[in-house]
Amino acid sequence: MSLDTVSSATAHPESAQPFAELGLKPDEFQSIREILGRRPTSSELAMYSVMWSEHCSYKSSKVHLRQFGEKKPAEGWPQLLVGIGENAGVVDIGDGWAVTFKVESHNHPSYVEPYQGAATGIGGIVRDILSMGARPIAVMDPLRFGPADAPDTRRVLPGVISGIGGYGNCLGLPNIGGEVVFDASYLGNPLVNALCIGALRHDEIHLASAKGIGNLVVLYGARTGGDGIGGVSVLASETFSEGGPTKRPSVQVGDPFMEKLLIECTLEVLHAGLVEGIQDLGGAGISCATSELASNGEGGMHVWLDRVLLRDPTLSPEEILMSESQERMCAIVTPADLDAFMAICQKWEVEAVVIGEVNASGRLTVEWHGEQIVDVPPRSVAHDGPVYSRPMQRPAYLDALQADAPDRLARPATVEEVRSTLLTLIASPNLASKSWITNQYDRYVLGNTVLAQPEDSGMVRVDEVTGRGVAVSTDCNGRFAKLDPYNGAKLALAEAYRNVGVTGAVPLAVTNCLNFGSPEDPEVMWQFAEAARGLADGCLELNIPVTGGNVSFYNQTGTTAILPTPVVGVLGVIEDVTKRTSIAWSEGDVIFQLGETRDEFAGSEWAHVMHGHLGGLPPKVDLAAEIALAGVCADGLGWFHAAHDISDGGLLIALAEMALLSGVGAQLEPTGDLFVWSFAESTARAVVSVAVEDVQRLTALCSSQGVALQRLGVVAGDRLDLGGPIVTIAELREAHEATIPALFG
Amino acid sequence: MTSRIGVVTFPGSLDDRDAARAIRAAGGDPIALWHGDADLPDVAAVILPGGFSYGDYLRCGAIARFAPIMEQIIARANDGMPVLGICNGFQILCESHLLPGALTRNDHLHFICRDQRLRIESTNTSWTSDFTAGQEIVIPLKNGEGGYIADDATLDILESEGRVVATYVGPNPNGSRRAIAGITNARGNVVGIMPHPEHAIEALTGPTTDGLPFFTSVLTSLLASR
């Protein structure tokens, strides 16, 4: 194929172009022609197609995501140093320290090629954090799979886990938590989300902008290859169709060793003050990095594309522009600093090459062996893509679904039946121990991990001298979101907030990964809009900002979409990690429940596991109660012996988890309806244990904060004694730990 | 200089900061060493930390063994300088022939990270003298290729000469022959251990503080040999 240059595009205005194959709609193609005043060259078409893809442009979600920036207190968010829109938001955690954190999806690649899909998901989010100038300090993985016993889950899950371990362990980042959830709706559409946390000093923040005319654009890291071409447009922005051609060439292949070198090299050039602007290369590769840097900076950039170092010399310019080869970064460097920059790259054995220059042209121009192949306004590529207000419709099934309350389901009637229900639930895949999975991740590296799975939050120390640290939790019950997307998103937020709060950390900021079906389905679009609205409203009520996030659409096979799954991550700060509260209690403690239990079972684990039922309205959201509960837990720092969020499976599951982690049982004193007491999933609740001499103090604290307090019993022995049926810790352990290894070991 | 302990950073080293922290916690001065330097600065002992040097490409430790700094480390180790190789460092010591045998893929083929019980079998080394023989400790284990392997004759020699430094207690986590977790050379100055003592030096972040005596031992032995 001959080179399609800007002049040939002008000379041959009507040549046929494969815009539809590249994922563009006819009207989008027409807009490109209008922007350019001519047909695009094939290279320009490649750039627009990846940058205007759903994954990169957020064209269907943008109108809804605006709320995260718009719904804020009158005085703004004081803790926000860098807001939504950059690679990742930056939050002030005090003492001159800041953290940045973000969660992203790598769902579609992980279904096609589980190991590499999951591995490069970690690589991508780590580079996002790095490009803010932060040292990555921990990762977490919220994962969702089809039924645990489905053959395809046995293909996908072990590959995903090995990929996360294989890549993350080799990078030297502790994996401190996440989720593993099974549901039939994720069969064929697993959700592989990856979260990374980074720490930096306030004066170390860097942004993705190409400032300073005459400054140089340096591409460094791995060479560019033919992997992942069009990953964002082909994979992440279309629904899988059965019997279609294999999409494997669109999945990227990762090299964690290269990423580790890239991290160290990048931190060294940043700390040496050699970087004016920086951008990672992820989705849409060089197209994205150059157009975003130019668009955020002076507005002009010239690129010599033939200078890009290649793994495969036969790649065409279009392929080089679209390639999603991993482990690459792009930096803006002054000519005076170039030698020093190159020397540090050489020290880390990282290849680097100047591929462009910042100029005042207002255009992004690309040449290939002396011929101009791209001449576009960079903003039109990076920021002014199409924006859709897609049609929305409240699902026709919703009234019937909400009316089908779980009240009609048979409940355990005797104490013996409650006991056997407990053993069934704790062995069910969603509640069973995930240690077979988390034991394949390194949680110790860097030596600052204070809490990790199965604790409520992951917690890492940021400052080794003062003990200042952060806690992060991610949560979402997709069943709640299906029953009511608005409140389902608030419930996900409430749970993550509570999980951070019970450790004693003070929640500060929110990230999210909104996983949904096709935005072209008005019922899915309605779910998305409701969830976004719920999350924005919830954040305002809790007074914590959304700092960034990611949207993953097209998680559906045929016409069947996944459960709407707005995964919410909450980050909190703790001044002294040595005082944090674990979920492990101690012999002799007195146990209390904080918060109120109601007869709420819609969307619960009990309804799901025992009856395969989903219907009714999810538990009541009470964010004021969540704030009060977190406040009590923060006051309990240093004298609460244990605290554990009550959520999936209810109180009895929470108590069993505390007994399992600490190895000590409890003499319990159930009150009211034993079944409701045991398994209801009412929110804004936690189990807390304190020493006998602190009971008065707890009572006074809860009464001053308006938090209901109910005595549950005392920590003692080797069993959970319900005042009748007895479950030994050994029985619980066997039920809890056997399930996952039996399925996947 | 008796408290100056070098920690080598290879490309892909991960636990170098942890090793330095452990040296500090024991009262020593950690000195950062760079793989590409041919000269070994003034240090009294050296730690080869855990990680994936050179991405574990070719074979774990096989490339790191040829790093410029290794030439002097090998020479000084043969002269009696204490050297501790942890995990990937153990693999490098085997590839360097400072220790016999090799580390192979875990028998269950999965990476494993867990709190591991060990028995200290030998306190006659520069790195374990502050333990008592037979003492059981719990420190993190995390590896994909931690199965210790050597021929029977070598294993017999290691056992009969008291050169098995630590063994796994309970189920063998990686298929190591004779449950070997760590070994030493004939002189007792070079020790390789698969689990990670540097991750067990403070109760806040580790399962125990059982790893600390590895680092105090070397300071004690350096003082004694002055």
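Residues numbered from 1 in each chain as written. Chains lettered and ligands numbered in written order. Predicted model: local features only at pLDDT ≥ 70, side-chain atom pairs only at ≥ 80, totals over all residues.

A. Quick peek at the overall build of chain B. For chain B, the helix and strand inventory stands at 5 helices and 11 strands. Against the 2.2 N^0.38 benchmark of 17 Å for 226 residues, chain B shows a C-alpha radius of gyration of 16 Å, consistent with a compact globule. Once the C-alpha set of chain B is aligned to its principal axes, its extents read approximately 40 × 40 × 35 Å. For chain B, with 226 residues in total, the buried portion stands at 58%. Of the contacts formed within chain B by residues at least 6 apart in sequence, a portion of 76% connects residues at least 24 apart. (Helix = DSSP H or I, 4+ residues; strand = E, 2+ residues; numbered from the N terminus. Rg over C-alpha atoms; globule rule 2.2 N^0.38 Å. Buried ≥ 20, exposed ≤ 12 C-beta atoms within 10 Å, placed from the backbone. Contact = placed C-beta atoms within 7 Å.)

B. Layout of the pairing of strand β5 (residues 175–182) of chain A. All names here are of chain A. The element β5 is largely enclosed, with a buried count of 8 among its 8 residues. Direction of pairing for strand β4 (residues 135–145) relative to β5: parallel, over a ladder of 6 bridges. The partner of Asp141 across the bridge, within β5, is Gly178. Between β4 and its parallel partner β5, the chain crosses via helix α8 (residues 151–171), and the hand of that crossover is right-handed. (Pairing = 2+ DSSP bridges. Right-handed = clockwise from strand over helix to strand, strands pointing away.)

C. Spatial organisation of the packing of helix α16 (residues 415–427) of chain A against helix α23 (residues 651–662) of chain A. All names here are of chain A. Taken N-terminus to C-terminus, the directions of α16 and α23 make an angle of 70°; their axes are 10 Å apart at the nearest point. When the axis of α16 is compared with that of α23, the two are roughly perpendicular. α16 and α23 meet at a crossing whose hand is right-handed. Two secondary-structure elements touch here, α16 through Leu422, Leu425 and Ile426 and α23 through Leu652, Ile653 and Ala656. (Axes fitted to C-alpha atoms, helices over the stretch in contact; angles between N-to-C directions. Parallel < 35°, antiparallel > 145°, perpendicular 65-115°, else oblique. Left-handed = near helix turned anticlockwise from the far one by under 90°.)

D. Region of interest: the sheet that holds strand β9 (residues 300–304) of chain A. Residues and elements named next belong to chain A. As summarised here, the arrangement of the 7 strands in space is β8-β10-β7-β11-β9-β12-β13, forming an open sheet in which the pairing is mixed. Where the open sheet ends on each side, the last strands, each with one partner, are β8 (277–280) and β13 (371–376). The average undirected angle you get between the axes of adjacent strands in this sheet is 20°. Here 4 bridges tie β9 to strand β11 (residues 352–359), and the two strands are oriented antiparallel to one another. Along β11, the bridge assignment pairs Gly300 with Asn359. Together, β8, β9, β10 (328–333), β11 and β12 (364–368) form the strand contacts of helix α11 (residues 285–296), whose direction differs from that of β9 by roughly 155°.

E. Examining the confidence of the model for chain B more closely. For chain B, per-residue confidence averages 96 on the pLDDT scale, and 99% of positions sit at 70 or higher. Two summary scores accompany this predicted model of the complex, namely pTM at 0.95 and ipTM at 0.95. (pLDDT = per-residue confidence, 0-100.)

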